[in-house]
Each structure stands twice: as structure tokens, then as C-alpha cells.
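Residue-level structural notes
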Amino acid sequence: MKKTFYLFAILFGCITLSNAQVTFKPGFRAGLNISHFSKGDDSYYNDGFTSNRDFGSRTDFYVGFFGDLKLTKYYSLQPEINYSRQGSKYDYYDESLMINQSKDLEVSYLAVGIANKFTFNKFNVHVGPTFEFLVDQNFDTDADIDLAFFLGLGYDITPNFGVEARIKKGIVPVLDYSDGNHTNVVFSVGGFYKFDVK
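Our subject in this report is the structure included herewith. (Residues numbered from 1 in each chain as written. Predicted model: local features only at pLDDT ≥ 70, side-chain atom pairs only at ≥ 80, totals over all residues. Heavy atoms only, no water.)

**Points about the overall build of the protein**
Each helix and strand in the protein was counted, giving one helix and 12 strands. Secondary structure elements in the protein, listed N-terminal to C-terminal, are α-β-β-β-β-β-β-β-β-β-β-β-β. Counting across all 198 residues of the protein, residues that qualify as buried make up 36%. Nonlocal contacts in the protein, meaning residues at least 24 apart in sequence, comprise 62% of its contacts between residues at least 6 apart. (Helix = DSSP H or I, 4+ residues; strand = E, 2+ residues; numbered from the N terminus. Buried < 20%, exposed > 50% of the residue type's maximum accessible area, 1.4 Å probe, protein only. Contact = heavy atoms within 4.5 Å.)

**Description of the pairing of strand β8 (residues 145–156)**
Taken residue by residue, a regular strand's side chains alternate between the two faces of the sheet. Of the two faces of β8, only one is covered, namely that formed by Asp146, Ala148, Phe150, Gly152, Gly154 and Asp156; the face formed by Ile145, Leu147, Phe149, Leu151, Leu153 and Tyr155 stays uncovered. Sheet topology places strand β7 (residues 123–137) next to β8; 11 bridges connect them, and they run antiparallel. For Phe133, the partnering residue across the bridge sits in β8 and is Ile145. Strand direction decides the pairing type here: β8 and strand β9 (residues 161–170), joined by nine bridges, are antiparallel. Across the sheet, residue Leu151 finds its bridge partner in β9, namely Ile167. The hairpin turn running from β8 into β9, its antiparallel successor, is four residues long. (Pairing = 2+ DSSP bridges.)

**Topic: the side chain of Ser84**
Tracing the sequence through the fold places Ser84 in strand β5 (residues 75–94). The exposure class assigned to Ser84 is buried, which follows from its relative accessible area of 6%. A polar atom in the side chain of Ser84 sits 2.9 Å from the side chain of Asn33. Leave out the neighbours within four places in its chain, and Ser84 touches Asn33, Phe61, Tyr62, Val107, Ser108, Tyr109 and Lys168. (Polar contact = N/O pair within 3.5 Å; in protein donor to acceptor, adjacent residues only side chain to side chain.)

**Some words on the packing of aromatic side chains**
Per the counting criterion, the structure on display carries 11 aromatic pairs. Where Phe61 meets Tyr83, the ring centres are 6.1 Å apart and the plane angle is 55°; that geometry is what we call tilted. One end of the pair, Phe61, is in strand β4 (residues 58–70); the other, Tyr83, is in strand β5, with 22 residues separating them in the sequence. With a centroid separation of 5.0 Å and an interplanar angle of 85°, the aromatic rings of Phe131 and Phe133 are classed as edge-to-face. Accessibility expressed as a relative area gives 38% for Phe133, which makes it partly exposed. One aromatic cluster in this structure is built from Phe37, Phe55, Tyr90 and Phe139. Over the aromatic face of Phe192 sits the side chain of Lys117, whose NZ or CZ is 5.2 Å from the ring centroid. Here the basic side chain of Arg166 rests over the ring of Phe150, its NZ or CZ set 4.3 Å away from the ring centre. (Phe/Tyr/Trp six-rings, centres within 6.5 Å; stacked < 30°, edge-to-face > 60°. Lys NZ or Arg CZ within 6 Å of the ring centre and 35° of its normal.)

**Digging into the pattern of salt bridges**
As enumerated under the stated definition, the model contains 13 salt bridges in all. Here Lys25 makes a salt bridge to Asp196, at a shortest N to O gap of 3.2 Å. Highlighted residues: Lys25 in strand β1 (residues 23–37) and Asp196 in the segment after β12 (184–194), separated in sequence by 171 residues. When its relative accessible area of 53% is taken as the criterion, Asp196 is described as exposed. (Salt bridge = Lys/Arg side-chain N within 4 Å of Asp/Glu carboxyl O.)

**Digging into the nonpolar core**
Of all hydrophobic cores here, the largest spans 11 residues; its members are Phe37, Phe55, Tyr90, Tyr92, Leu105, Val107, Tyr109, Leu134, Phe139, Val174 and Leu175. Elements supplying a minimum of two residues to this core: β5 and β6 (99–120). Per element, the largest residue contribution to this core is three residues, and it comes from β6. In contact with Phe37, not counting residues within four places along its chain, are Phe55, Gly87, Ser88, Leu105, Val107, Phe139, Val174, Leu175, His182, Thr183 and Asn184. (Core = buried A, V, L, I, M, F, W, Y, C linked by side-chain atoms within 4.5 Å.)

**What to know about unusual backbone geometry**
Where the residue is not glycine, phi is negative for most of them; where a peptide bond is considered, it is trans in most cases. One non-glycine residue, Asn121, lies in positive phi territory at about 55°. The residue Asn121 is located in the loop between β6 and β7 in this model. Here Asn121 falls in the exposed class, since its relative accessible area comes to 77%.

As C-alpha cells, this is what we get:
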């Protein structure tokens, strides 16, 4: 009985795969990043003084290329290569000058990611990891790489063009201060275009 069940399951799987229309479409994506470093404590202790600092949001852009490998009607595997400019506004109190200061901390990555896309009519949900290599920054950091995870929602306006939004959270500290480790947090919104390949 078990052998018959396994044979039926294998046969059904083969028929399903043979009827599936696997397609591949390359494309590009671009849009706006709104990013900041994760918060530590609101204050830190330094040389006998308690000082406040805050990591606020800054805006920049991302651009990338991808390949949409549609394996079933509802699921696609999408490898990506993205260039992402992000960072954070840094507001703090300068004890030596006794004034509030503000800096624009900029960091850029070249990222390799995998998006698992689940499609429902014209909507799709995408989730996955991204491995990011530091290519530029305007402050001192020991983190040359970042491992991040993202969750997003997309909408296909046409079969080739659509819009999407994602939230991405890094797990490798960009800054390691006395009030805790600060990691990348990025909200992105933009569009994508897929090319037809015959």
C-alpha cells in the first residue's frame, strides 16, 4: 500500500512539473531609500556626563538588476545584485563645545540577495536574505560586510512593470557605541521593469 502511494505521489509530481511553464525574465529595479541606524539607549555616559544622541532618518537611492525565475504560478525565485546608498542622521551633544551637533552618516553597499516571491493575482510578497559588501562610507566602521533580511510587497501594473516597497534589517553592527550596537534599518520604495526573453 505504501509503495503504491509513493509511486502515485512521484507520478503526480512528474506530471505537475511537466505541465508547469518555467519562465525567466531579467530586469532592473530602482527607487528611494529611507534609512537609519537602529537605536541604542537614548543616552550614554561619558567622562562623568550623561549625553543624548539620536539616529534619525536620511534619504538616498538604490538601483539593481535581477532575474525573475518563475517556477510555478504562485512562486518565483529572484536573485538580485543591488547598489544601495543608506546611512543615518546623527544628532548628539558635543561636550567639548557644549552645543548640539548633527552629522550625515553615509554608507553604501553592493549587495547580493535572493528574493522568494509569492504571487497572488497582481500582488506579490517577497522575502529573503541579502549579503552586502561595504563600498563607501564617510565615518569609521569595522563592519566591511552586512547580512540583512528583507520583507516586501509588490504590485504588477503590467506584466513587465510594477512598483514595490521593502523593509530591510541588518544584523551586523555598523557602529558599536557605549549605548549599544547600531545596525542598518532601511525602508525602500521604487519600481521595477522585467524584459521578455524568448
